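Chain residues, written in single-letter form:
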Amino acid sequence: MTINSDQKHTPMATLALVFVAIIWISPFSWLFVNAVDTQATGELRWPQSIGIGNFVSAMSGSAAQQFMNSMILALGTATMTIVVAAGAAYFLSRVYIPGKTTILWALVVMRMMPTNGVLVPIYFTAEKSGLLNPLGVMIALTILNLPFTLLLLKNFFDTVPLELEEAAHVEGASLWEILRHVVLPLSRAGIAVVWFFSFTSAWNEFLFPLIFSRTDSVFPMSMGLYSAFGEHGAIQYGFLAAYSIVYAIPAIGVYFLLRRNMNTGFAGVGVKG
Amino acid sequence: MRKKINPWLAGNIPLLVAVALPAALFLSVLVYFAGWAITFSFTDLETIGRKSVNWDWVGLKNYIRLFTRQGFLQSLWVTVIFTFFSAVIGQTIIGFLLAVALRGKRGLLKTTVEVSIMLGWLLPDIVAAFLWSASASQTGLINRVIIEPLGFAPINFMNDYALVVVIIANTWKGSAWSYLLFSAALDAVPKEIIEAAKVDGTTPIQRLWKVVIPMIRPHIATNMLFITIWTFTYFPLIYALTGGGPGNDTNVLAIFLYQTSFDVHRLGYGSAISVAMLLIVGALSIFYLRLLKEPK
């Protein structure tokens, strides 16, 4: 069954794999039949009347507002992370400073540090500085993403050959031109990975919106969904199923859009053609 | 030893420093926060009321309370169970078995399995929580498809087996990461070595146990390191599914910390819990890193 080069599965292995696939897929199929069933009751059954009504209500009113809030939060965090990290990562990659190894190790340690460890100080600081709002969430997430982002981007800049930069310099290009025409195009894969990482982590984020959101109007989709199925009384399964799908699509979509970049990204290959 | 600075950077040092400054500032804030958590764990700071301004130093009182009151130890135990079964057992073993079973294979079955576990992994935490809360409810998927056809009365899983539900939900959600890591590790094992072992007349199980596992040992340790830390401090899925209940059945440390700090408003005690979590995670990391370095 294992570790042989045959292309065929044994019947037992096939059966086990089919079983695994069913377990993983069945919650999704439940989600889909309930989302398209305008009379959904939360049961697994063929839709009684198929319609897009649930999706319409999951994309209008306060649901649309929450979608926008999530989008702003995720785009804002991803952009802020790139802007803050890129310059410093290039600096770390190219400029000699004493104690650089120590700094890199400190980044590794900070990357391992769980968010919970600094939750209380972050909240306290945000409260005192009036940042218990989406901007505060963006800043907090950027700070927490930074160690990982810096390490990843630095590794990418390391793969850009110095000779190319040197050649551009000899041709008379300024630093800005070198960055724009040599370094950035060659480290696009790395930037895409960092962007994906910070976009999805902000899009999925629940803890910070939970403690930072003072009013319903700033709820991102994570909070919107949480407060809806946590409510007592009848749960609108059809609406929530459609809402879940609308909420999940960008997170999944970004991954598949950037998958090729991700692969070259994680392999650390920066130079193509 | 001082390296020469590249000529195209030499004239632009102030600019380079300027673009690096925001990150340096953010990182100092992070370090400052960590220091702050440690400092305030020795105080009785609270979010609201008199003690949000006039707090006092209370020495080790918060730390003593960790061990003398029920909350922390009970919560630690729940966290250990949750982490052990969903990460160490569930995600690692399922991820590994899938990687072994699908190694070098192609076709519809592989694609289906890969896509479906990836979808679970990419799904936002709260969507996963909604799915599992609906599946495990009294009229939900598990009761309608498994329990009732077998002739049993429907079970209220969220009430009676909440910890089991969150463990399964987290295994379902997180196995893809271990699968991806182990797939990459298995691809790096040279075919010749396996063929050679085959020629020597070993059984598949022996090849797996004696040849493959020792070779990918660093990957196993890396995988353990990351998923243990993530699971140990994981919050959203469990909180959205159960809120830590019923009673304190699923009250993992992340939820206990959240409740102490933001429901009961005791930031000082909450900081002590954070510091304890940092220490435990640090100890676990050192343990796994040693496993990683140790020669076989």
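Residues numbered from 1 in each chain as written. Chains lettered and ligands numbered in written order. Predicted model: local features only at pLDDT ≥ 70, side-chain atom pairs only at ≥ 80, totals over all residues. Heavy atoms only, no water.

Enquirer: Before we move on, could you go through the overall build of chain A and cite the residues and values that matter?
Expert: Counting its secondary structure elements, chain A contains 13 helices and zero strands. When the helices and strands of chain A are placed in sequence order, the string is α-α-α-α-α-α-α-α-α-α-α-α-α. The burial tally for chain A puts 51% of its 273 residues in the buried class. Long-range contacts, defined as pairs at least 24 residues apart, comprise 70% of the intrachain contacts of chain A with a sequence gap of at least 6. As displayed, chain A offers around 12600 Å² of accessible surface, 66% of which is attributable to carbon and sulfur atoms. (Helix = DSSP H or I, 4+ residues; strand = E, 2+ residues; numbered from the N terminus. Buried < 20%, exposed > 50% of the residue type's maximum accessible area, 1.4 Å probe, protein only. Contact = heavy atoms within 4.5 Å. Areas by Shrake-Rupley, 256 points an atom, 1.4 Å probe, with all protein chains shown as cover.)

Enquirer: Lay out the pattern of salt bridges with the relevant residues and their values.
Expert: Residues and elements named next belong to chain A. By the definition in use, this model includes three salt bridges over all chains. A salt bridge links glutamate 165 to arginine 94, with the shortest nitrogen-to-oxygen separation between them at 2.4 Å. Taken together, the residues span a long stretch of sequence, with glutamate 165 in helix α7 (residues 162-170) and arginine 94 in helix α3 (residues 61-94) at a distance of 71 residues. As far as burial versus exposure is concerned, glutamate 165 and arginine 94 are alike and both buried. (Salt bridge = Lys/Arg side-chain N within 4 Å of Asp/Glu carboxyl O.)

Enquirer: An account of the packing of helix α12 (residues 217-232) of chain B against helix α15 (residues 267-293) of chain B is requested, with residue identities and associated values reported.
Expert: Residues and elements named next belong to chain B. Following both chains from N to C, one finds α12 and α15 inclined at 175°, their axes separated by 9 Å at the closest point. Relative to α15, the element α12 lies roughly antiparallel. Residue-level contacts link Arg217, Pro218, Ala221, Thr222, Met224, Leu225, Thr228, Ile229 and Phe232 of α12 to Met277, Ile280, Val281, Leu284, Ser285, Tyr288, Leu289, Leu291 and Leu292 of α15. Residues of the contact of α12 with α15, tallied by class, amount to 14 nonpolar, three polar and one charged. (Axes fitted to C-alpha atoms, helices over the stretch in contact; angles between N-to-C directions. Parallel < 35°, antiparallel > 145°, perpendicular 65-115°, else oblique. Nonpolar A, V, L, I, M, F, W, Y, C, P; charged D, E, K, R; others polar.)

Enquirer: Describe the side chain of B:Asn170, and please don't skip the residues or the numbers.
Expert: Inspection of the secondary structure puts B:Asn170 in helix α9 (residues 162-187). Apart from residues lying up to four places away in sequence, B:Asn170 is in contact with B:Phe82, B:Ser86, B:Gln91, B:Thr231, B:Tyr234 and B:Leu237.

Enquirer: Run through the UniProt feature "transmembrane region" (unreviewed entry) in chain B, naming residues and quoting values.
Expert: Residue and element names in this part refer to chain B. The UniProt entry lists residues 12-38, 76-101, 113-132, 152-172, 220-241 and 267-289 under the feature "transmembrane region" (unreviewed entry), expressed in the numbering used here. When the span residues 12-38 is considered, its composition is 96% helix and 0% strand, and the gap between its end C-alpha atoms is 39 Å. As a span, residues 113-132 carries 90% helix and 0% strand, and end to end its C-alpha atoms are 19 Å apart. (UniProt positions renumbered as here; feature names shortened; annotations may be inferred.)

Enquirer: With reference to specific residues and values, describe the UniProt feature "transmembrane region" (unreviewed entry) in chain A.
Expert: All names here are of chain A. Under the feature "transmembrane region" (unreviewed entry), the UniProt entry names residues 12-33, 71-92, 104-124, 130-153, 189-214 and 234-258. Here residues 12-33 runs as 100% helix and 0% strand, with 31 Å between its end C-alpha atoms. Its end C-alpha atoms 37 Å apart, residues 189-214 is made of 85% helix and 0% strand.

Enquirer: Tell me about the interface of chain B and chain A, residues and numbers included.
Expert: In many analyses, interface size is given as the accessible surface area lost on bringing the parts together. Taken residue by residue, the interface counts 93 residues in chain B and 81 residues in chain A. In this assembly, chain B packs against chain A so that about 8000 Å² is buried in total across both faces, 80% of it on carbon and sulfur atoms. Looking at the side of chain B facing chain A, the largest losses of area belong to B:Trp8, B:Phe26 and B:Phe130, adding up to 10% of the total buried there. Counting across the interface, chain B meets chain A through zero salt bridges. Across the contact surface, chain B and chain A share one residue pair in polar contact (both at pLDDT 80 or more). Counted by class, the side of chain B that touches chain A contains 63 nonpolar, 19 polar and 11 charged residues. (Buried area = accessible area lost by both parts, 1.4 Å probe. Polar contact = N/O pair within 3.5 Å; in protein donor to acceptor, adjacent residues only side chain to side chain.)

Enquirer: Break down the packing of aromatic side chains for me, citing the residues and quoting the values.
Expert: Using the criterion set out here, one finds 42 aromatic pairs over all chains in the structure. The structure contains a cluster of three or more aromatic residues connected by ring pairs, namely A:Tyr123, A:Phe206, A:Tyr226, B:Phe235, B:Tyr239, B:Tyr258 and B:Phe262. Over the aromatic face of A:Phe124 sits the side chain of A:Lys128, whose NZ or CZ is 4.6 Å from the ring centroid. The positively charged end of B:Arg65 is found above the aromatic ring belonging to B:Tyr269, 5.1 Å away from the centroid. (Phe/Tyr/Trp six-rings, centres within 6.5 Å; stacked < 30°, edge-to-face > 60°. Lys NZ or Arg CZ within 6 Å of the ring centre and 35° of its normal.)

Enquirer: Tell me about helix α8 (residues 175-186) of chain A, and name the residues and values.
Expert: With 12 residues, α8(A) should cover 16 Å at 1.5 Å per step; its first-to-last C-alpha distance of 15 Å lies within 8% of that length. Taken together, the buried positions of α8(A) are occupied by A:Leu175, A:Ile178, A:Val182, A:Val183 and A:Leu186. For α8(A), the arc enclosing every buried residue in end-on projection is 85°, short of the 170-degree limit, so these residues lie on one face. α8(A) presents A:Trp176 and A:His181 as exposed residues on the side facing more than 90 degrees away from its buried surface. Those residues of α8(A) that are buried are in contact with α3, α6 (134-159), α7 and α9 (188-204) of chain A together with α1 (7-10) and α2 (13-40) of chain B. (Expected span 1.5 Å × (residues − 1). Arc of directions from axis to C-beta.)

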